[in-house]
Amino acid sequence: MSKRFLLPESGTFYKANLHCHSTMSDGRLTPAEIKEQYSAHGYSAVAFTDHEYLTSHPELRTPDFLPLKGYEIAVSEYGHPDFNHVPTYHLNLFALDPENETHVCFHPGNCWGVPKEIIPTLKYAGSGEYYRRYSVEGVNEIIKEAHEHGFLVSYNHPAWSLQKYDDYAGLKGLDFIEVYNHGCVVSGNSEYEDQAMDDLLRNGNRLYCVCTDDNHNHDNDSFGGWVMIKAPALEYGEIMNALKAGNFYASTGAEITAFYAEGNTVTVECPPSKAVRFITGCRHAALITGDKPVTSASFTANPGDMYVRAEVISTDGKKAFTQPYYID
């Protein structure tokens, strides 16, 4: 039986942070300073996702560094005087086309992080008077609008956002979910949030997981969560196509060298690691350990398992996450 490579066999791995804030909103470093720091730590790409503001940074482009274009929007429940008690949806929107300048579901009143003189110059779809609704239906409408205007959509840090199962169980069309957000972790919030991903997968969604920094560049909130994108070249279109296809894995420090399927049997290969865990859409699961470090592990899914995904746990307890393989 031939192998189906779920992580492409060819191409180059590019390390990327998909959630970043600069001085364009509430971050402490300029985009150029962020590029300098992340390049020094081996990153090939950073998505600049400042709050409510879609920005381009073509001046940062070099043969070894690619700025990705996006922004983060919030949909918050009204009526809470204390910010710490406000349930909210946070979504990152990533532009498939670096020339895209259109803000979706826009209202000037939402631009809390945008310099006031810039707001009148922003381009947007619709009338510019879109009122966001804190509800599953309201967020699904935003996801749909984002797709129609050329964006991929990530659901960010659900635990920090005080999201409950009923807040996200009915979401449809998401491309990504953060299973680790380093900025939230260093501020004392939940570490791994893969339960929300499994809830969405078990409800029939097909989406990918990401680990991110969400760095504002204080409190050591950088270089803790990233994705390793397998692509033919460090070009904007190639990287976005790889993200759209799920040709990457997410990590907090562990590594994955290969992930492939032979029928309903999946195999993950990695540098010497503490363990590999396999998760499905039901209780059928496995934890692979041994007297020696694990470098390869396989798991055969059953019909009806819906999907299988793997987590590699390094010798120092860090994790790497494959994308789900769907059992059709």
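Each value, and the rule that gives it
- Residues numbered from 1 in each chain as written.
- Predicted model: local features only at pLDDT ≥ 70, side-chain atom pairs only at ≥ 80, totals over all residues.
- Heavy atoms only, no water.
- Helix = DSSP H or I, 4+ residues; strand = E, 2+ residues; numbered from the N terminus.
- Rg over C-alpha atoms; globule rule 2.2 N^0.38 Å.
- Buried < 20%, exposed > 50% of the residue type's maximum accessible area, 1.4 Å probe, protein only.
- Contact = heavy atoms within 4.5 Å.
- Pairing = 2+ DSSP bridges.
- Salt bridge = Lys/Arg side-chain N within 4 Å of Asp/Glu carboxyl O.
- Arc of directions from axis to C-beta.
- Phe/Tyr/Trp six-rings, centres within 6.5 Å; stacked < 30°, edge-to-face > 60°.
- Lys NZ or Arg CZ within 6 Å of the ring centre and 35° of its normal.

A few words on the overall build of the protein. Assigned secondary structure in the protein consists of six helices and 20 strands. Relative to a compact globule of 328 residues, whose C-alpha radius of gyration would be 20 Å, the protein shows 19 Å and is just as compact. The principal-axis extent of the C-alpha atoms belonging to the protein is close to 60 × 45 × 35 Å. Residues counted as buried form 56% of the 328 residues belonging to the protein. Within the protein, counting contacts between residues at least 6 apart in sequence, those at least 24 apart form 65% of the total.

The next thing to look at is the sheet that holds strand S17 (residues 294–300). Spatially, four strands are ordered S1-S13-S14-S17 in an open sheet, and the strand pairing comes out antiparallel. The outermost strands of the open sheet, each flanked by one partner alone, are strand S1 (4–5) and S17. As judged from the two bridges shared by S1 and strand S13 (residues 258–262), these two strands associate in the antiparallel manner. Paired with Arg-4 across the strands is Ala-261, a residue of S13.

Turning to the pattern of salt bridges, a few remarks are in order. Tallied over the full model, the rule gives twelve salt bridges. Between Glu-311 and Lys-319 there is a salt bridge; the shortest N-O distance is 3.5 Å. Put simply, Asp-194, Asp-198, Arg-277, Arg-309, Glu-311 and Lys-319 are held in one network by salt bridges that share partners.

Along helix H6 (residues 236–245), the residues classified as buried are Tyr-236, Ile-239, Met-240, Ala-242 and Leu-243. Viewed along the axis of H6, the buried residues span an arc of 155°, placing them on a single side of the element. The positive-phi residue at the C-terminal boundary of H6 is Gly-246, with phi of around 80°.

What follows deals with the packing of aromatic side chains. Within this structure, the stated rule accounts for 20 aromatic pairs. Centroid distance Tyr-43 to Phe-223: 6.2 Å. Interplanar angle 50°. Geometry classified as tilted. Placement of the pair is Tyr-43 in the loop between helix H1 (31–40) and strand S3 (45–48) and Phe-223 in the loop between strand S10 (208–212) and strand S11 (226–231), with a sequence separation of 180 residues. Each ring, one from Phe-176 and one from Tyr-208, has its centre 6.4 Å from the other, and the planes form 40°; the classification is tilted. Placement of Phe-176 in strand S9 (residues 176–181) and of Tyr-208 in strand S10 is noted, with a sequence separation of 32 residues between them. Considered together, Phe-176 and Tyr-208 belong to a single accessibility category, that of buried residues. Grouped by ring-pair contacts, the aromatic residues Tyr-89, Tyr-134, Tyr-155, Tyr-165 and Tyr-168 constitute a single cluster. The ring of Tyr-260 is capped by Lys-3, whose NZ or CZ atom sits 4.4 Å from the centre of that ring. The cationic tip of Lys-15 hangs over the ring face of Trp-226; the distance from NZ or CZ to the ring centre is 4.0 Å.

The analysis is restricted to geometry; functional conclusions fall outside its scope.
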